[in-house]
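Chain by chain, the residues run as shown.
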Amino acid sequence: MGLVDEYHDLEMFSRTPRDHLSLARLAARIAERKTSRIRMDAWAEAGLEHLKEAGVNVPTEYFRLSPYGKLEMLKKLLKGV
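The structure reproduced in this document is the subject of the present report. (Residues numbered from 1 in each chain as written. Predicted model: local features only at pLDDT ≥ 70, side-chain atom pairs only at ≥ 80, totals over all residues. Heavy atoms only, no water.)

**Re the environment of Ile30**
Which entries qualify depends on this criterion: Helix and strand definitions here come from DSSP, where helices need a minimum of 4 consecutive H or I residues and strands a minimum of 2 consecutive E residues; each element is numbered from the N-terminal end. Burial classes: relative accessible area under 20% of the type maximum marks a residue as buried, over 50% as exposed, and values in between as partly exposed (1.4 Å probe, protein chains only). Here a residue-residue contact requires only that any non-hydrogen atoms of the pair lie within 4.5 Å.
Considering the arrangement of structural elements, one finds Ile30 in helix H2 (residues 17-33). Since its relative accessible area comes to 3%, Ile30 is described here as buried. Spatially, the C-alpha atoms of Ile30 and Gly2 are 9.8 Å apart, while their sequence positions differ by 28 residues. Look past the residues within four positions of Ile30 in its chain and what remains in contact with it is Leu3, Val4, Tyr7 and Trp43.

What follows is the structure, encoded as structure tokens:
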């Protein structure tokens, strides 16, 4: 099973903050592997949204960042959790 399949399976049953943290970590791993900037941006943004749902304080100005900036912010926030 690939990472994307694992992400979608977990997303169907995500209820707790711990599930959303796991989804954010998976989204970060997927975003690192994507070569397309658009796909990397989408996965990094999905990870940041899951961090918000998990209760992590995510700065609201993240949507102004470049795709690489979003990925770096996601990694930095995941290290702090």
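Okay, back to it.
**Thoughts on the packing of aromatic side chains**
For any pair of aromatic rings, geometry is given as the distance between the ring centres together with the angle between the planes. Under the convention used in this document: A pair of Phe, Tyr and Trp rings is counted when the ring centres sit within 6.5 Å of each other, with Trp represented by its six-membered ring. The angle between the planes then sorts it: under 30 degrees is stacked, over 60 is edge-to-face, the rest tilted.
In the structure shown here, the tally under the stated rule is one aromatic pair. With a centroid separation of 4.9 Å and an interplanar angle of 85°, the aromatic rings of Tyr7 and Trp43 are classed as edge-to-face. Here Trp43 lies in helix H3 (residues 37-53) and Tyr7 lies in helix H1 (residues 3-12), a separation of 36 residues in the sequence. Judged by relative accessible area, Tyr7 falls into the buried class, the value being 3%. With relative accessibility at 14%, the residue Trp43 sits in the buried group.

**Digging into the packing of H3 against helix H4 (residues 67-80)**
Formally: The axes used here are C-alpha line fits, helices contributing only the stretch in contact, and every angle between their N-to-C directions lies in the interval 0 to 180 degrees. Helix crossings fall into two classes, left-handed where the near helix is turned counterclockwise from the far one by less than a right angle and right-handed where it is turned clockwise. Three classes are used, and their members are as follows: Ala, Val, Leu, Ile, Met, Phe, Trp, Tyr, Cys and Pro are nonpolar, Asp, Glu, Lys and Arg are charged, and the others, Gly among them, are polar.
One way to put it is that H3 packs onto H4 with a least axis distance of 8 Å and a crossing angle of 35°. For H3 against H4, the interelement crossing comes out left-handed. On H4, the residues that touch Arg37, Met40, Asp41, Ala44, Glu45, Gly47, Leu48 and Leu51 of H3 are Pro67, Tyr68, Lys70, Leu71, Met73, Leu74, Leu77 and Leu78. Classifying every residue of the contact of H3 with H4 by side-chain character gives 11 nonpolar, one polar and four charged.

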